[in-house]
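Structural characterization, general
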Amino acid sequence: MIECKNLLSIFVLSLFVCIHTSNVAAESSLNLSQLATPCLACHSVTAEKTGYVGPTLAGVAGRALGTDPKYVYSDAFVRKSEEGSVWDRNTLNDFLMNPQGFVEGNAMNYPGIQSDAERDTLLHWLLNDPSGDPAALKDANYSSVPEVQSILARTADVEYGEYLAGECLTCHQLSDSRGQIPPIHKLTRDYLVFALLEYQNGTRDNSTMQSVVSSLSDEDIAALSQVFARIE
Amino acid sequence: MTSVTRRQFNSIIGVGAASMVVPPSLLGQSKPRVVVVGGGAGGATAARYLAKDSDGQLDVTLIEDSDTYTSCFYSNLYLGGFRTFNSITHSFGTLASAYGITLKKGRAVDIERESKMVVMADGSTIGYDLLVLSPGIELQYDSVPGYSEEDSQIAPHAWQAGKQTEILHQKLNELENGQDIVMVAPPNPYRCPPGPYERASMMAHFLSNKGYTDSTIYILDPKDKFSKQSLFSAGWEHYYPGMIEWYSPDIHGGILSVDAKAGIVETDFDTFEGALLNIIPAQKAGAIARTAGLADENGFCPIMADSMRSIVDENIFVIGDASIAGDMPKSAFSANSQAKVAAMTIRGQLLSSRVFPAKYNNTCWSLIALNDGVKVGASYAPSDDGTITATSKFVSQGNEDATVRQQTYEESISWYSSIVSDMFG
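Residues numbered from 1 in each chain as written. Chains lettered and ligands numbered in written order. Predicted model: local features only at pLDDT ≥ 70, side-chain atom pairs only at ≥ 80, totals over all residues. Heavy atoms only, no water.

**So, a nonpolar patch on the surface**
- A surface patch of nonpolar side chains, about 250 Å² in accessible area, is lined by Met304, Ile311 and Val312 of chain B.
- Take Ile311 of chain B: it is sitting in the loop between β19 (301-302) and β20 (316-318). (Patch = residues over 30% accessible without salt bridge, like charges linked within 9 Å, V, L, I, M, F, W, Y side chains within 5 Å. Areas by Shrake-Rupley, 256 points an atom, 1.4 Å probe, with all protein chains shown as cover. Salt bridge = Lys/Arg side-chain N within 4 Å of Asp/Glu carboxyl O. Helix = DSSP H or I, 4+ residues; strand = E, 2+ residues; numbered from the N terminus.)

**Considering the environment of Phe272 of chain B**
Residues and elements named next belong to chain B.
- Here Phe272 is to be found in strand β16 (residues 271-273).
- We classify Phe272 as buried; its relative accessible area is 4%.
- When the C-alpha positions of Phe272 and Val258 are compared, they lie 9.6 Å apart, and in sequence the two are 14 residues distant.
- Apart from the residues within four sequence positions on either side, Phe272 is in contact with Val182, Tyr218, Leu220, Tyr247, Gly263, Ile264, Val265 and Thr267. (Buried < 20%, exposed > 50% of the residue type's maximum accessible area, 1.4 Å probe, protein only. Contact = heavy atoms within 4.5 Å.)

**Details of helix α6 (residues 195-209) of chain B**
All names here are of chain B.
- The end-to-end C-alpha distance of α6, which contains 15 residues, comes to 21 Å, matching closely the 21 Å that a straight helix rising 1.5 Å per residue would cover.
- In terms of burial, α6 is a largely internal element, 13 of the 15 residues being buried.
- Of the residues flanking the end of α6, it is Gly211, one or two places downstream, whose phi is positive at about 85°. (Expected span 1.5 Å × (residues − 1).)

**A closer look at the sheet that holds strand β9 (residues 130-133) of chain B**
Residues and elements named next belong to chain B.
- On the basis of which strands lie adjacent, the open sheet formed by five strands has the order β5-β2-β1-β9-β20 and parallel pairing. Edge positions in the sheet fall to β5 (102-105) and β20, since each has one partner strand and no second. With strand direction ignored, the average angle separating the axes of adjacent strands in the sheet is 20°.
- Note that strand β2 (residues 59-64) and β5 share four bridges and pair parallel. Note that in β5 the partner of Thr61 across the bridge is Thr102.
- The strands touched by helix α2 (residues 43-52) are β1 (33-37), β2 and β9; relative to β2, the strand with the most contacts, the crossing angle is about 165°. (Pairing = 2+ DSSP bridges. Axes fitted to C-alpha atoms, helices over the stretch in contact; angles between N-to-C directions.)

**With respect to the interface of chain A and chain B**
- Contact with chain A, which involves 35 residues of that partner, is made by 39 residues of chain B.
- Surface buried jointly by chain A and chain B totals about 3100 Å² across both partners, of which 52% is contributed by carbon and sulfur atoms.
- One can count three salt bridges joining chain A with chain B.
- Where chain A touches chain B, the interface holds 21 residue pairs in polar contact (both at pLDDT 80 or more).
- Of the residues forming the side of chain A that touches chain B, the biggest block, ten residues, is contributed by helix α8 (residues 158-169) of chain A.
- Here the side of chain A that touches chain B is built from residues that sort into 13 nonpolar, 15 polar and seven charged. (Buried area = accessible area lost by both parts, 1.4 Å probe. Polar contact = N/O pair within 3.5 Å; in protein donor to acceptor, adjacent residues only side chain to side chain. Nonpolar A, V, L, I, M, F, W, Y, C, P; charged D, E, K, R; others polar.)

**Side note on the packing of aromatic side chains**
Residue and element names in this part refer to chain A.
- The full count for this structure, using the stated rule, is 33 aromatic pairs over all chains.
- Here Phe77 and Trp87 contribute two aromatic rings whose centre-to-centre distance is 6.2 Å and whose plane-to-plane angle is 35°, an arrangement assigned as tilted. Highlighted residues: Phe77 in helix α3 (residues 75-81) and Trp87 in the loop between α3 and α4 (89-97), separated in sequence by ten residues. Note on accessibility: Phe77 and Trp87 belong to one class, buried. (Phe/Tyr/Trp six-rings, centres within 6.5 Å; stacked < 30°, edge-to-face > 60°.)

**Observations concerning the side chain of Arg48 of chain B**
Residue and element names in this part refer to chain B.
- Structurally, the position occupied by Arg48 is in helix α2.
- Residue classification places Arg48 among the buried residues on the basis of a relative accessible area of 7%.
- Polar side-chain contacts of Arg48 include one of 3.1 Å to the side chain of Tyr99.

**Quick notes on the sheet that holds strand β6 (residues 108-112) of chain B**
Residues and elements named next belong to chain B.
- Sheet architecture is open: three strands sit in the order β6-β7-β8, paired in antiparallel fashion. Either end of the sheet is taken by a strand with one partner, and the two such strands are β6 and β8 (125-127). Neighbour to neighbour, the strand axes of the sheet diverge by 25° on average, direction disregarded.
- Note that strand β7 (residues 117-120) and β8 share three bridges and pair antiparallel. Considered in β8, the bridge of Val119 is made with Thr125.

**Notes on unusual backbone geometry**
Residues and elements named next belong to chain B.
- Cis geometry marks the peptide bond from Asn188 to Pro189, where omega comes out at -10°.
- Turning to its location among the elements, Pro189 is positioned in the loop between β11 (181-184) and α6.
- Unlike most non-glycine residues, Asp55 shows phi in positive territory, near 50°.
- Following the sequence through the fold, Asp55 ends up in the loop between α2 and β2.
- Phi is positive for Lys228, close to 55°, though the residue is something other than glycine.
- Within the secondary structure layout, Lys228 lies in the loop between β12 (217-220) and α7 (229-239).
- On the accessibility criterion, Lys228 (8% relative accessible area) is buried.

**Focus on the packing of α4 of chain A against helix α6 (residues 116-127) of chain A**
Residues and elements named next belong to chain A.
- Where α4 meets α6, the closest approach of the two axes is 10 Å, and the angle between their N-to-C directions is 135°. As summarised for this structure, α4 and α6 are arranged oblique, according to the angle between their axes. Every pair of crossing elements has a handedness; the one defined by α4 and α6 is right-handed. Residues Arg89, Leu92, Asn93, Leu96 and Met97 of α4 pack against Arg119, Asp120, Leu122, Leu123, Leu126 and Leu127 of α6.
- For the contact of α4 with α6, a count of residues per class yields seven nonpolar, one polar and three charged. (Parallel < 35°, antiparallel > 145°, perpendicular 65-115°, else oblique. Left-handed = near helix turned anticlockwise from the far one by under 90°.)

**Considerations on the pattern of salt bridges**
All names here are of chain B.
- Going through the model one piece at a time under the given rule, you end up with 22 salt bridges over all chains.
- Of the charged contacts, one joins Arg33 and Asp129 as a salt bridge, the two residues approaching to 3.8 Å between their closest N and O atoms. Note that Arg33 is positioned in strand β1 and Asp129 in the loop between β8 and β9, a separation of 96 residues in sequence.
- Overall, the relative accessible area of 35% leaves Arg33 in the partly exposed class.

Dropping the structure here:
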């Protein structure tokens with residue numbers, strides 16, 4: 001019941017933000033429902049269910065690797081589990097980026113997900129209890145996060161944002177070519193806000209980014225995210 | 001939700017010039033003239049941001065003596081074999097073709113500040129309403145006893161990229177196993193604080209790759225410590241054992257003389273012989289800044305922290321290595337960051353656009369060995385005492401694993417490509 005209420009509130013809040021900013025999730029490349037579909041073909045999102053091809057995703061955050069009692073892990077994965085790691089943002093991120101690189105010979109038949117933004121969307125879902133009907137999650141974008149929402153609700157000073165954007169452009173090119181520093185245009189505004197907040201609260205650990213965001217106020221983030229989200 | 005206007009869109013993606021329209025209010029009168037001296041990380045960025053953000057309402061001229069720009073940053077990676085010379089050499093062409101910037105080839109030697117004119121080496125003058133000065137550094141050859149500009153053909157400094165970089169590269173390639181390198185490092189303040197030590201790393205990498213591990217690189221330093229010292233020292237011990245020896249003034253006791261032709265550096269402690277001498281002298285602001293009276297007694301130019309405007313002349317902005325930018329090091333990243341503050345301030349003054357509080361950033365990446373990159377950096381803001389002050393700092397840690405170091409290196413490669421596009425379009 002609690003799950004249902006959360007889900008409902010996520011949906012309602014998203015709807016609210018969508019109406020007010022025209023930031024429609026359906027236009028976004030960060031559609032969780034689409035991104036999660038391949039996962040859900042093999043993984044259950046409730047601990048009770050059995051008979052799935054892979055281990056359950058319910059409660060995966062904080063769980064030690066290789067410890068779903070209802071799943072029989074590959075030898076390769078059992079050996080990896082002996083390192084004693086826990087599924088957290090870093091391990092999940094590494095695994096999703098390159099499953100075979102993370103545990104060579106593991107049983108998951110999935111090539112990995114290269115887009116930082118898409119991976120982050122899945123991580124956000126996995127780290128915040130991936131339960132419920134994924135179809136109903138399609139509007140559960142980052143605008144449902146209260147901290148993101150409070151920034152999205154601010155008036156964005158676009159001229160100010162254009163000035164601030166100069167700070168970003170020293171490192172982030174406005175082209176689709178990507179190296180270690182990802183492009184930050186063509187992303188949704190709520191995702192940009194979410195990502196900047198994660199640097200501010202230390203969830204993301206790139207030291208250059210942490211330094212840059214340390215001087216950004218909520219007003220700055222509102223302005224910057226608006227400017228970059230408009231760049232096609 | 002308002003939609004993106006053409007102007008906003010152009011100003012962000014930076015292709016404004018092709019569609020620039022002169023507003024009727026300005027027809028029939030000349031546009032405000034901004035002249036930028038120096039086409040490096042500071043000057044090119046300033047010119048580009050002035051042009052792209054002003055919708056053609058400014059007449060922007062960039063004065064530069066060279067046909068192309070070879071970046072001093074990443075020239076060490078050329079020595080190490082990680083980059084080609086071409087990959088660190090860039091054209092000014094797009095600044096003219098896509099941004100409408102007037103390129104003026106030649107050497108600016110002085111400024112007639114009363115009449116607001118830049119004086120060129122050939123005696124011609126170029127008038128301005130506001131001037132951005134980004135002349136970089138001038139080497140003080142006589143700061144190293146016995147060394148001269150002429151000697152730099154034999155014992156290159158390679159601290160201004162281009163021909164000098166090629167000389168150093170060639171001499172490094174000609175070394176045989178067991179032949180030594182003697183580097184004289186510069187005193188503070190100087191361009192690119194980690195640069196000499198990254199250079200030693202890259203030269204050692206190059207030699208080590210050839211199996212020339214009997215050669216030694218001696219660094220004779222006028223300073224008793226240097227940027228990212230513990231990271232470099234640990235890297236040298238790990239990758240190049242016995243190949244790099246660093247001597248502080250406590251040990252060498254002072255550099256007494258350099259004989260470039262003989263390949264000898266005499267110190268109070270000992271005589272060092274090298275088949276290759278790399279002499280990096282003390283530095284001051286580019287000559288034009290000092291000739292025009294914009295520098296202080298130490299040879300660099302004091303500026304206002306909120307704008308990069310010269311304290312000496314309100315019509316001139318000094319950015320990059322030539323400026324005294326508080327806690328900011330003399331780096332390409334710093335110059336690029338300062339250029340944006342200056343450009344924003346200038347547009348505010350000449351075009352009445354809004355002026356915002358200055359924000360600055362810097363990161364200096366260095367490569368120690370293959371896939372082993374480190375970085376140091378900070379964010380900055382003007383402080384109450386009128387200087388640019390760090391508000392947060394970071395530096396790579398000594399205990400980082402190989403994945404992090406590789407990511408740091410790859411980040412630096414990404415950054416290079418980005419800043420070049422931010423400078424030249």
